[in-house]
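So you can see what is in the structure, the chains are spelled out below.
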Amino acid sequence: MNIKDGIFSHLKQYDRNSPPTSTLSYSSSPVHPAFVKLGLQMAREMIVGSNGRCAALICAVKIFIQQYKCPKSKEIRQHLNIALKPCFNYLSQCRLFSVSMENFIKFIKHTISKISPDISLEEARKELLSECDRYFEESIYLAAQAITTTTVNRINDGDTILIYGRSQLILRILLTAKEEGRKFRVMVVDSRPDLRGVNACERLTEAGIPCSYVYINSTTYVMKGQISKVLLSADALLANGYVLGPVGTAMIALIAHKYNKPVIVCCETYKFSERVQTDSILFNELADSKDMLRTKTGTPSPLADRDHSVSMVNLVYDATPPTLVSIVITEIAELPCSSAPVILRRDTKRC
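Keep in mind it's a predicted model, so treat the numbers as computed, not measured.

**Q** Would you mind showing me how to read the side chain of Asp235 here?
**A** Looking at where Asp235 falls in the secondary structure, it is placed in the loop between β4 (229–233) and β5 (236–238). One buried charged residue, Asp235, forms no salt bridge at all, with the nearest opposite charge on Lys271 at 6.0 Å. Not counting residues up to four positions away in its chain, the partners in contact with Asp235 are Ser50, Val99, Leu244, Gly245, Pro246, Lys271 and Tyr317.

**Q** Looking at this model, I keep getting lost on the nonpolar core. Mind explaining?
**A** Proteins that are soluble and globular tend to have nonpolar side chains buried together. Counting 43 residues, the largest nonpolar core has Phe35, Leu57, Val61, Phe88 and Phe104 as its most contacted members. The set of elements that each furnish at least two residues to this core consists of α1 (33–43), α2 (50–67), α3 (76–94), α4 (99–113) and α5 (121–152). Take this core: its biggest share by element is nine residues, from α3. Not counting residues within four places of it along the chain, the set of residues in contact with Phe35 comprises Leu57, Ala60, Val61, Phe64, Leu84, Cys87, Phe88, Tyr90 and Leu91.

**Q** Would you mind going over the sheet that holds β5 with me for this structure?
**A** Strand pairing in a sheet relies on backbone hydrogen bonds, with the paired strands running either antiparallel or parallel. The four strands are arranged β8-β5-β6-β9 in an open sheet whose pairing can be described as mixed. Edge positions in the open sheet fall to β8 (272–273) and β9 (317–320), since each of these has one partner strand only. Where strand β6 (residues 243–246) lies against β9, four bridges are found, and the strand directions are antiparallel. For Pro246, the partnering residue across the bridge sits in β9 and is Tyr317. The strands that helix α9 (residues 249–258) touches are β6 and β9; relative to β9, the one it contacts most, it runs at about 30°.

**Q** Would you take a moment to explain the packing of aromatic side chains for this structure?
**A** Here a ring pair, both rings aromatic, is described through the centre-centre distance and the interplanar angle of the planes. In this structure the tally under the stated criterion is eight aromatic pairs. Pairing Phe35 with Phe88 gives two aromatic rings, centres 6.0 Å apart and planes at 80°, and the pair type is edge-to-face. Of this pair, Phe35 sits in helix α1 while Phe88 sits in helix α3, and the two are 53 residues apart along the sequence. For Phe35, a relative accessible area of 0% corresponds to the buried category. Given a relative accessible area of 4%, Phe88 falls into the buried group. On the basis of an interplanar angle of 70° and a centroid distance of 6.1 Å, the ring pair of Tyr213 and Tyr215 is categorised as edge-to-face. The class for Tyr213 is partly exposed, based on a relative accessible area of 30%. In textbook terms, an aromatic cluster arises when at least three aromatic residues are bridged by ring pairs, as seen for Phe35, Phe64, Tyr68 and Phe88. The positively charged end of Arg172 is found above the aromatic ring belonging to Tyr141, 5.8 Å away from the centroid. Positioned over the ring face of Phe283 is Arg275, at 3.8 Å from the centre of the ring.

**Q** Hey, could you run me through the pattern of salt bridges in this one?
**A** Two side chains bearing opposite charge may form a pair once their charged atoms approach each other closely. A complete count under the given rule lists 13 salt bridges for this structure. Residues Arg77 and Glu75 are paired through a salt bridge, measuring 2.4 Å at the closest nitrogen-oxygen approach. On the basis of relative accessibility, which here comes to 30%, the residue Arg77 falls in the partly exposed class. One salt bridge connects Glu102 with Arg275, and the closest N-O pair in it is separated by 3.3 Å. Of this pair, Glu102 sits in helix α4 while Arg275 sits in the loop between β8 and β9, and the two are 173 residues apart along the sequence. Overall, the relative accessible area of 24% leaves Glu102 in the partly exposed class.

**Q** Sorry, what's going on with α3 here?
**A** Along an α-helix, residues three or four positions apart point the same way, because every turn accommodates 3.6 residues. Counted at 1.5 Å a residue, the expected span for α3 with its 19 residues is 27 Å, and the 28 Å between its end C-alpha atoms agrees. Along its length, α3 shows its largest kink, about 25°, at Lys85, and proline Pro86 lies within four residues downstream of that point. Turning to α3, its buried residues number three or more, namely Ile76, Leu80, Ala83, Leu84, Pro86, Cys87, Phe88, Tyr90, Leu91 and Cys94. The secondary structure elements touched by the buried residues of α3 are α1, α2, α4 and α5.

**Q** What is the right way to look at unusual backbone geometry in this model?
**A** With glycine set apart, most residues show a phi of negative sign, and most peptide bonds adopt trans. With omega at 10°, the peptide bond leading from Arg192 into Pro193 counts as cis. Examined against the element boundaries, Pro193 turns out to sit in the loop between β2 (184–190) and α7 (197–206). The residue Glu45 is not glycine, and still its phi comes out positive at about 60°. In this fold, Glu45 is placed in the loop between α1 and α2. Owing to a relative accessible area of 27%, Glu45 belongs among the partly exposed residues under this scheme.

**Q** I'm lost on a nonpolar patch on the surface in this one. Help?
**A** There is a patch of nonpolar side chains on the surface, built from Phe136, Tyr141 and Leu142 and spanning about 260 Å² of accessible area. Residue position: Tyr141 is located in helix α5.

**Q** Help me understand the packing of helix α6 (residues 168–179) against α7, please; the structure alone is not making it clear to me.
**A** Any two packed helices are characterised by how steeply their axes cross, that is the angle between the axes, and by the distance between the axes. Closest axis-to-axis distance for the α6/α7 pair is 11 Å, and the angle between their directions is 15°. Compared by their axis directions, α6 and α7 come out roughly parallel. The hand of the α6/α7 crossing is right-handed. On the side of α6, the interface is formed by Gln168, Leu171, Leu174 and Leu175, while α7 contributes Ala200, Arg203 and Leu204.

How each quantity is defined
- Residues numbered from 1 in each chain as written.
- Predicted model: local features only at pLDDT ≥ 70, side-chain atom pairs only at ≥ 80, totals over all residues.
- Heavy atoms only, no water.
- Helix = DSSP H or I, 4+ residues; strand = E, 2+ residues; numbered from the N terminus.
- Buried < 20%, exposed > 50% of the residue type's maximum accessible area, 1.4 Å probe, protein only.
- Lys, Arg positive; Asp, Glu negative; His and termini not counted.
- Salt bridge = Lys/Arg side-chain N within 4 Å of Asp/Glu carboxyl O.
- Contact = heavy atoms within 4.5 Å.
- Core = buried A, V, L, I, M, F, W, Y, C linked by side-chain atoms within 4.5 Å.
- Pairing = 2+ DSSP bridges.
- Axes fitted to C-alpha atoms, helices over the stretch in contact; angles between N-to-C directions.
- Phe/Tyr/Trp six-rings, centres within 6.5 Å; stacked < 30°, edge-to-face > 60°.
- Lys NZ or Arg CZ within 6 Å of the ring centre and 35° of its normal.
- Expected span 1.5 Å × (residues − 1).
- Bend = angle between axes of the 7 residues up to and from the residue.
- Patch = residues over 30% accessible without salt bridge, like charges linked within 9 Å, V, L, I, M, F, W, Y side chains within 5 Å.
- Areas by Shrake-Rupley, 256 points an atom, 1.4 Å probe, with all protein chains shown as cover.
- Parallel < 35°, antiparallel > 145°, perpendicular 65-115°, else oblique.
- Left-handed = near helix turned anticlockwise from the far one by under 90°.

Shown next, in the form of structure tokens:
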């Protein structure tokens, strides 16, 4: 059965052989070159990770604002939002927005709507660029710094820490712990088709951290006695406490819960979402299914000769229930998953 006729029919199937620009519908307003470049980079997975994608979006918006010109008959706060709309539409057609990108778009739209009609274009431009810089510094850079400091204090000498795939935040935490003289080992669990854990393992071993590398199907075996704690990153923390992470995260958390291993999730508060989700089907992304036919050695995959009535599904995210997570470390505090609505209410009041 084709996935378009099944339970994933509402999800867009991405095909790397069909460039995003070939199917895009452009409105009368032109899409800025900075957004065209960013859209293609995201579609080809040259920019990955929720932090990396959001940081790149902030840069594109800053370039747009720097070059923006408002017609004399228009009000800046109204015309600027209208001018940005086709740019955001273009990006969403290249690849679905991550929660981090959605939250920044809400922030910049809200910031634009508060611009005084009495100030000049140069003053408005300066104010908006300053707000973009502040958002990046507070929500991404300083937040990662605070999370790193808190998490490092939870790493003890003799620990064996399990991580999944490659997360820039998790790598920063482990490298900082090594710099502070902590003695620990890392178990890198990886999965096809991306195999991003290979890069994580290389980075850690270069820093002198003892590492082991296994595929996700070996997680149960290594979790039994070797692992002291599990360190995971998140693409989003939903309002009902579910953690949205790279596909496979829920499986890691479930096995850790089975063997009573603490599962620590590191997540910046700007990734908190008002969305409610209890499965990995309602909201997800379908990556290029042909990626599953790739092998590291270049030999043909056994799936290449499959019956074509069988469709391959390459999901990007999965949802981890809050009952499987021991603690969520944010830049504000160490919280249970159930505290997500408290943070969301705080951020709503600040707006």
